[in-house]
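Given next are the chains, with one letter for each unit.
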Amino acid sequence: MADVVWRSHGRARRSTRTVRVSVSAAIVTAVVLAVLVVPPLVQLDQQAVDLSLKLRPPSPAHPFGTDDVGRDLLLRCVYGLRVSLLVGLVAALVATVIGTAVGAAAAAFGGWTDRLVMRLVDTFSSVPHLLLGIFIVAMFRPGVWPVIVSVALTHWLSTARIVRSEVLSLRSRPYIDAAISGGASRWRVTVRHLVPAVVPQAGLAAVLMVPHAMWHESALSFLGLGLPAHQASLGNLVQTARGSLLAGDWWPTLFPGLFLIIPTLAIAGLAGAWRERISPRRRSELML
């Protein structure tokens, strides 16, 4: 009887997980298609002003309404989402490459190299990400690439720790000992055996980093330190809508917030499914 109950719970969990993955994949697909298809078809004048359409509520002509200078909010949300995705994807990729290289090198060489690298990681980790990101962005003019550099240089630390932990566990495997006994150098063992083995974990860290990077970009733009104020980004849209919200106009804040929250939750859902797939222990627990 207990076995039947366990299998029933297992089927229910697998069904819920399948629905979650399907919904997340559908949302991510819709987001990617929107940011790839809409901008080439509908051009957006970032500095256009039409005060006759100022703060119009949602309508068939403007499904998301208009902002405080009469611009279509749906189109600006799509353009803003494109910027946030660009920042998230590029910053996550750069941060993952840096973190993987640092973590793998520290664990592979060990000794004083490992201790020195990890003390540097601990030192950078002691500074809040947002504060360090503000310091980096402040050295450049507002734009997309300073934000990408800021996010990438403040988010590789967790990846370095993950990769280092995985490499340390792999160093005790028999095939690693066999490669070293066969005369392979540390560099060859690291490049041929250790780094390929941690690619799934590093890839998962990169996917999980994308939503975090998108929120980081939005926070910098909200503080006025990210993109120029006239350029559409989700952080800028929320920042310029604060006055409208206090006046009772809810749509300039609601829709950019949803464009930020829903895609990040969908990406996190896909990353969670990936984590369950690559972790045998987690997968066996879910089968109970």
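Residues numbered from 1 in each chain as written. Predicted model: local features only at pLDDT ≥ 70, side-chain atom pairs only at ≥ 80, totals over all residues. Heavy atoms only, no water.

Under an unreviewed UniProt entry, the chain has the name ABC transporter permease and belongs to Streptomyces ficellus. Taken verbatim from the UniProt record of the chain, the Sequence similarities (unreviewed entry) comment is "Belongs to the binding-protein-dependent transport system permease family." Listed under Subcellular location (unreviewed entry) in UniProt, the entry text for the chain is "Cell membrane". (UniProt positions renumbered as here; feature names shortened; annotations may be inferred.)

Participant: Honestly, the nonpolar core in this entry has me stumped. Any pointers?
Facilitator: The nonpolar side chains of a soluble globular protein tend to be buried with one another. Core analysis: the biggest nonpolar cluster contains 28 residues, and Cys77, Leu81, Leu85, Met214 and Phe259 have the highest contact counts within it. Contributions of two or more residues to this core are made by helix 1 (2–41), helix 2 (73–109), helix 3 (111–125), helix 6 (157–170), helix 8 (186–222), helix 9 (234–240) and helix 11 (251–278). Per-element accounting of this core gives the leading share, 8 residues, to helix 2. Setting aside residues up to four positions removed in sequence, Leu81 forms contacts with Val31, Val35, Met214, Leu234, Phe259 and Pro263. (Core = buried A, V, L, I, M, F, W, Y, C linked by side-chain atoms within 4.5 Å. Buried < 20%, exposed > 50% of the residue type's maximum accessible area, 1.4 Å probe, protein only. Helix = DSSP H or I, 4+ residues; strand = E, 2+ residues; numbered from the N terminus. Contact = heavy atoms within 4.5 Å.)

Participant: How do you make sense of the environment of Trp250 when you look at a structure like this?
Facilitator: With respect to the secondary-structure elements, Trp250 resides in the loop between helix 10 (242–246) and helix 11. Along the sequence, Trp250 and Gly65 sit 185 residues apart, while their C-alpha atoms lie 10.0 Å from each other. Apart from the residues lying within four places of it in its own chain, the contact partners of Trp250 are Pro58, Leu245 and Phe255.

Participant: Quick question: what am I supposed to make of helix 4 (residues 129–137) here?
Facilitator: Within helix 4, burial applies to Leu132, Gly133, Ile136 and Val137. In an axial view of helix 4, the angular spread of the buried residues amounts to 135°, which keeps them on one side of the axis. Exposed positions of helix 4 whose direction lies more than 90 degrees from the buried face are Leu131 and Phe135. (Arc of directions from axis to C-beta.)

Participant: Whenever I open this one, the pattern of salt bridges confuses me. Can you help?
Facilitator: In a structure, side chains of opposite charge can pair up when their charged atoms sit close to one another. Counting across every chain of the model gives 5 salt bridges. Notably, a salt bridge pairs Asp67 with Arg71, separated by 2.9 Å at the nearest N-O pair. Judged by its relative accessible area of 15%, Arg71 falls in the buried class. Linking Asp122 and Arg161 is a salt bridge whose minimum nitrogen-to-oxygen distance equals 2.9 Å. Taken together, the residues span a long stretch of sequence, with Asp122 in helix 3 and Arg161 in helix 6 at a distance of 39 residues. Judged by its relative accessible area of 30%, Asp122 is partly exposed. A network of salt bridges, in which partner residues are shared, links Asp67, Arg71 and Arg76. (Salt bridge = Lys/Arg side-chain N within 4 Å of Asp/Glu carboxyl O.)

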